[in-house]
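# Secondary and tertiary structure notes
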Amino acid sequence: MGSSRLPGKVLLPLSGKPLICRMFERVAFSNYAGKIIVAITEDQDDDELFKLCKQNNIEVYRGSSLDLLDRHFQAVKIFNADVVVKIPSDCPLIDPEIIDKVILYYINNRNKYDFVSNLHPPSYPDGNDVEVMSFKALENAWINAKKDFEREHTTPYIWENPDKFRIGNVDWETGLDYSMTHRFTIDYKEDYEFIQRVYNELYEKDNRFSLNDILNLLESKPELKKINQMYAGVNWYRNHINELKTISPEQTKNI
């Protein structure tokens, strides 16, 4: 709820329900979804979000507002998970099939990797972020991560230390890279307008609409992509590009 750029964004309406409920719905469509937990802050601002989750029978954990690594780790401990799938709550257009691909890649290579994502390097449109890791990998990061951005963003310690973790990546099978050109995440009011338009066009026809459905829509109505195009490629990396070893300047841009 405390987003500085778009306060309360997770409660903005999408096709008749708050964004967080649509987000939960899309994650739950994954064929490999286990227990889904919304990990929110202990801040008073999140009381309304907590109530909403409880009203919709969504499991909630409340923890640190700045140390997301601790928040996620404590949630995992309480729910006794041995494998963790981390998905940002600002990705209400995430394709459940992409979630499945990343999880299945981890399952099929569990003896080979401690951590698998589709982010290093990225290729899918921004807003399809999936990271899968063992509890031991998350615990290792929780114990050893010291830098502020490693604590705030949960997993950088893992992918910044390939000598300590076995890391795998899932590339978009098309061979395309839309990570800097297509923005399906929400951080600005233009992002919300874009996402709302996509839901208005696709949700009633098929509430499980896919990445291809969105891309086909943008091809038929290119004006939609222009709504938030000015923010394509803008991400948190820009604030730490001099500290990140595994991220290149080409993987982010300033506003």
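Please refer to the structure higher up on the page.
## Here's the deal with the side chain of Arg238
- Structurally, the position occupied by Arg238 is in the segment after helix H9 (211-220).
- Salt bridges are absent for the buried Arg238, whose nearest opposite-charge side chain, Asp187, sits at 5.9 Å.
- Within the structure, the side chain of Arg238 is placed 2.7 Å from the backbone oxygen of Asn235, a separation counted as a polar contact.
- Leaving out residues up to four positions away in the same chain, Arg238 has contacts with Arg5, Tyr188, Thr252, Lys253, Asn254 and Ile255.

## Observations regarding the side chain of Asp95
- Its location among the elements puts Asp95 in the loop between strand S5 (83-86) and helix H4 (96-108).
- Buried charged residue Asp95 carries no salt bridge. Nearest counter-charge: Arg26, at 5.0 Å.
- Residues contacting Asp95, with those up to four places away along its chain left out, are Arg26, Asn128, Ser210 and Leu211.

## A word on the packing of helix H8 (residues 189-202) against H9
- The contact between H8 and H9 brings their axes to 11 Å, and the two run at 100 degrees. Between H8 and H9, the interaxial angle falls into the category roughly perpendicular. Of the residues in H9, those in contact with Phe194, Val198, Glu201 and Leu202 of H8 are Asp213, Ile214, Leu217 and Leu218.
- The residue inventory of the contact of H8 with H9, partitioned by class, reads six nonpolar, no polar and two charged.

## Description of the packing of aromatic side chains
- All told, the structure shown has 14 aromatic pairs when counted by the stated rule.
- Ring geometry for Phe73 against Phe135: centres 5.6 Å apart, planes inclined by 20 degrees, an arrangement best described as stacked. Separated by 62 residues along the polypeptide, Phe73 in helix H3 (residues 68-79) and Phe135 in helix H5 (residues 135-144) bring together distant segments of the chain.
- For Phe135, a relative accessible area of 21% gives the class partly exposed.

## Observations regarding the environment of Asn57
- Mapping Asn57 onto the fold places it in the loop between helix H2 (47-55) and strand S4 (59-63).
- It is 12 Å that separates the C-alpha atoms of Asn57 and Lys35, two residues lying 22 residues apart in sequence.

What counts and what doesn't
- Residues numbered from 1 in each chain as written.
- Predicted model: local features only at pLDDT ≥ 70, side-chain atom pairs only at ≥ 80, totals over all residues.
- Heavy atoms only, no water.
- Helix = DSSP H or I, 4+ residues; strand = E, 2+ residues; numbered from the N terminus.
- Buried < 20%, exposed > 50% of the residue type's maximum accessible area, 1.4 Å probe, protein only.
- Lys, Arg positive; Asp, Glu negative; His and termini not counted.
- Salt bridge = Lys/Arg side-chain N within 4 Å of Asp/Glu carboxyl O.
- Polar contact = N/O pair within 3.5 Å; in protein donor to acceptor, adjacent residues only side chain to side chain.
- Contact = heavy atoms within 4.5 Å.
- Axes fitted to C-alpha atoms, helices over the stretch in contact; angles between N-to-C directions.
- Parallel < 35°, antiparallel > 145°, perpendicular 65-115°, else oblique.
- Nonpolar A, V, L, I, M, F, W, Y, C, P; charged D, E, K, R; others polar.
- Phe/Tyr/Trp six-rings, centres within 6.5 Å; stacked < 30°, edge-to-face > 60°.

Honestly, that's just the spatial picture; any functional story needs more than this.
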